[in-house]
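# Structural description and commentary
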Amino acid sequence: MATLQYVEIPPGATRLESAVPSDIRPAPKILTNLPHPEKGSGGLASPSSPQPMSPSAKTGIINIQQILLSSALPIPANVATTPRTAGKDAPRLLSTRDPLSIPITTVNFRRFVSKVGPVFWLQDRIEEIVMWRKGWQYTTVWMAVYAYLCYFPRLALLLPFVMLLGIVLATDPALKQPDPDHTAEDVTSPTVPPPPPMQTGEGSVDWLANVQAIQNLMGFFSDAHDLVLPYIPHLNHTSPYTPVILTAVLASLLVLIPIIHLLPMRTTMLTLGLTPLFFTHPFTRGTLIPALYYNLRPHLKHYRLRLIRFVDDDRLEDKHWRTEMQEVELWENERWSPSSSASADSSNGTGDASKNDAGWSKANLRPGERKAWTRGRDGWSAVSEDGTGDVSSNLTFSLSPGWLFVETEDWRPDLEGSWLPEVGADEGIYFVNLLSLPT
């Protein structure tokens, strides 16, 4: 007979068995693989690692990290510990191995920061090669190696062995000792920084460098995500252009299937691998691309404006095509002011700095100058002193009887500056010295 551990049972007591089978099941256990503290004897020690910290200092760092993670990751108190679990029979994946917990996150973050140094070291070396940070000799050598592999592709099977040999030779202690035949002046620093220790101590220089690298990598990923995000709707059927893209991709695939075997693979792979390095060269990024953009800018504006017009026309409904349509023009007039405190008197003549905005703003216009919004091509037409013809806050104004704004279109800038054919406008903006009414 089973005994209960939390109640003192008399010796002569008999346990009563229920006639109805009990449906009480024990609560499921949540097994958590808590990380074990790193042991100094079993881990890889670095000669540059700092001395072990006192228990009070280590506890203080842990508490600070836990407070920072708690503030950065606000987790509600009643949230499920396994938010991504699909069901009882769901497979156990790496992302759902441990339950959601701030203490576990803190411990894993500490372990990750102390061990991620070699990953960022490799990232820096790849960036130096791709972005030509070390000069043309350094990147050209790797380009030659890649070209050799493209010509003899079977040598790629030897890369794991070559990488292991390189790691063993790079960590040879004999390479770190200076040559006794050379003086101190002849000993120069290596061109490639040595790899960081496999595990860094908390609070050390390498540990803080890993935190900085994590911070910058998170920012780079967020910037790349924000850059790609506007184009995602065209691929997930939330944009009317998804069927067009699907049709173009399928047509391209059907065209390439018969002719793909005609492409020379060595030359194709060589071109695909070296072309990005051509665009990342400092001369290409700093001289060639700006020069091409400057010469092709008028044509790019023209095609960009035609593309915007094509998108607007594609959104028109049948009722719009059956009626007459005309374009209306609207001008926004602004004046530049250096700062509110320094130019209040010179801008509006009242000395009230609160009414003046720094930089380009419509609030900086002086009395007798153009109004904030004008409709005429000369900048003055359709605006009278009594306010008739003024533009409302939503950039609309009264039209002639029988005319309405097209619901599917919005204002688009005149990138070509067609209203100034002799001068042109930069991105639809034209700068003048005076905004006064001509006499």
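Note that the coordinates shown come from a computational prediction; the quantities given were computed from them, not determined experimentally.

### Here we look at the overall build of the protein chain
Of the regular secondary structure elements, the protein chain holds 12 helices and four strands. Out of the 439 residues in the protein chain, the part that is buried amounts to 16%. For the protein chain, the share of sequence-separated contacts (at least 6 apart) that also reach a separation of at least 24 residues comes to 61%. Of the roughly 34300 Å² of accessible surface on the protein chain, a fraction of 64% belongs to carbon and sulfur atoms.

### So, the nonpolar core
Nonpolar side chains tend to gather and get buried jointly when the protein is soluble and globular. Counting six residues, the largest nonpolar core is built from Val 113, Val 116, Phe 120, Trp 207, Ala 213 and Ile 214. Ile 214 has contacts with Phe 112, Val 113, Val 116 and Phe 120, leaving out every residue within four places of it along the chain.

### Some points on the pattern of salt bridges
A complete count under the given rule lists six salt bridges for this structure. The shortest N-O distance in the salt bridge between Glu 128 and Arg 125 comes to 2.8 Å. Remark: Arg 125 and Glu 128 occur in helix H3 (residues 117-130); sequence separation between them is three residues, near one turn of the helix. For Glu 128, a relative accessible area of 12% puts it in the buried group. Between Glu 127 and Arg 133 there is a salt bridge, with its nearest N and O atoms 3.3 Å apart.

### As for H3
Along its 14 residues, H3 runs 20 Å from first to last C-alpha, staying within 8% of the 20 Å computed at 1.5 Å per residue. Contacts made by the buried residues of H3 are with helix H2 (102-115), helix H4 (136-151), helix H7 (205-228) and helix H9 (265-279). Two residues or fewer past H3, Trp 132 is found with a positive phi of approximately 60°.

### Details of the side chain of Asn 364
Locating Asn 364 in the fold gives a position in the loop between strand E3 (359-361) and strand E4 (373-374). A distance of 3.1 Å separates a polar atom in the side chain of Asn 364 from the backbone oxygen of Arg 335.

### Describing the environment of Thr 242
Structurally, Thr 242 is set in helix H8 (residues 242-259). For Thr 242 and Ile 232, which are 10 residues apart along the polypeptide, the C-alpha to C-alpha distance reads 10.0 Å. If we skip the residues at most four places from it in the chain, Thr 242 touches Pro 233, His 234, Leu 235 and His 237. Among the polar contacts listed, one links the side chain of Thr 242 to the backbone oxygen of His 234, at a separation of 3.0 Å.

### With respect to the packing of aromatic side chains
Here the structure, examined in full by the defined rule, presents four aromatic pairs. Taking 5.0 Å as the distance between ring centres and 50° as the angle between the ring planes, the aromatic pair formed by Tyr 148 and Phe 152 counts as tilted. Ring centres of Phe 278 and Phe 279 lie 5.4 Å apart, and the angle between their planes is 75°; this geometry places the pair in the edge-to-face category. For Phe 279, a relative accessible area of 46% translates into the label partly exposed.

### Some words on the packing of H2 against H7
Packed helices, taken two at a time, are described by the angle their axes make and the gap between the axes. Between H2 and H7, the least distance of the axes is 8 Å, while the angle of their chain directions is 105°. Viewed along their axes, H2 and H7 adopt a mutual orientation that is roughly perpendicular. In contact with Arg 110, Phe 112, Val 113 and Ser 114 of H2, H7 contributes Trp 207, Asn 210, Val 211 and Ile 214. Residues of the contact of H2 with H7, tallied by class, amount to five nonpolar, two polar and one charged.

### Things to note about a nonpolar patch on the surface
A contiguous nonpolar patch, built from Tyr 148, Tyr 151, Phe 152, Leu 155, Leu 158, Phe 161 and Val 162 and spanning about 740 Å² of accessible area, is present on the exposed surface. Those elements giving two or more residues to the nonpolar patch turn out to be H4 and helix H5 (159-170). Looking at where Phe 161 falls in the secondary structure, it is placed in helix H5.

### Describing the side chain of Asn 210
Secondary-structure assignment places Asn 210 in helix H7. Note on Asn 210: relative accessible area 7%, which makes it buried. Of note is the side chain of Asn 210, whose polar atom sits 2.8 Å from the backbone oxygen of Val 113. Apart from residues no more than four positions distant in its own chain, Asn 210 is found in contact with Val 113, Ser 114, Val 116, Gly 117, Phe 120 and Thr 200.

### Side note on unusual backbone geometry
At Trp 132, a residue that is not glycine, the phi angle is positive and equals roughly 60°. Its place among the elements puts Trp 132 in the loop between H3 and H4. Overall, Trp 132 belongs to the buried group, its relative accessible area being 11%. In the Ramachandran plot, His 237 falls in the positive-phi region, its phi being about 65° despite a non-glycine side chain.

### Section: the environment of Tyr 148
Here Tyr 148 lies in helix H4. Spatially, the C-alpha atom of Tyr 148 lies 9.4 Å from that of Leu 270, the residues being 122 residues apart in sequence.

### Some remarks on the confidence of the model for the protein chain
This prediction gives the protein chain a mean pLDDT of 75; 64% of its residues lie at or above 70. Below a pLDDT of 50 lies the segment residues 39-53, which in the model reaches 10 contacts outside its immediate sequence neighbourhood of four places, other chains included.

Parameters and conventions
Residues numbered from 1 in each chain as written. Predicted model: local features only at pLDDT ≥ 70, side-chain atom pairs only at ≥ 80, totals over all residues. Heavy atoms only, no water. Helix = DSSP H or I, 4+ residues; strand = E, 2+ residues; numbered from the N terminus. Buried < 20%, exposed > 50% of the residue type's maximum accessible area, 1.4 Å probe, protein only. Contact = heavy atoms within 4.5 Å. Areas by Shrake-Rupley, 256 points an atom, 1.4 Å probe, with all protein chains shown as cover. Core = buried A, V, L, I, M, F, W, Y, C linked by side-chain atoms within 4.5 Å. Salt bridge = Lys/Arg side-chain N within 4 Å of Asp/Glu carboxyl O. Expected span 1.5 Å × (residues − 1). Polar contact = N/O pair within 3.5 Å; in protein donor to acceptor, adjacent residues only side chain to side chain. Phe/Tyr/Trp six-rings, centres within 6.5 Å; stacked < 30°, edge-to-face > 60°. Axes fitted to C-alpha atoms, helices over the stretch in contact; angles between N-to-C directions. Parallel < 35°, antiparallel > 145°, perpendicular 65-115°, else oblique. Nonpolar A, V, L, I, M, F, W, Y, C, P; charged D, E, K, R; others polar. Patch = residues over 30% accessible without salt bridge, like charges linked within 9 Å, V, L, I, M, F, W, Y side chains within 5 Å. pLDDT = per-residue confidence, 0-100.

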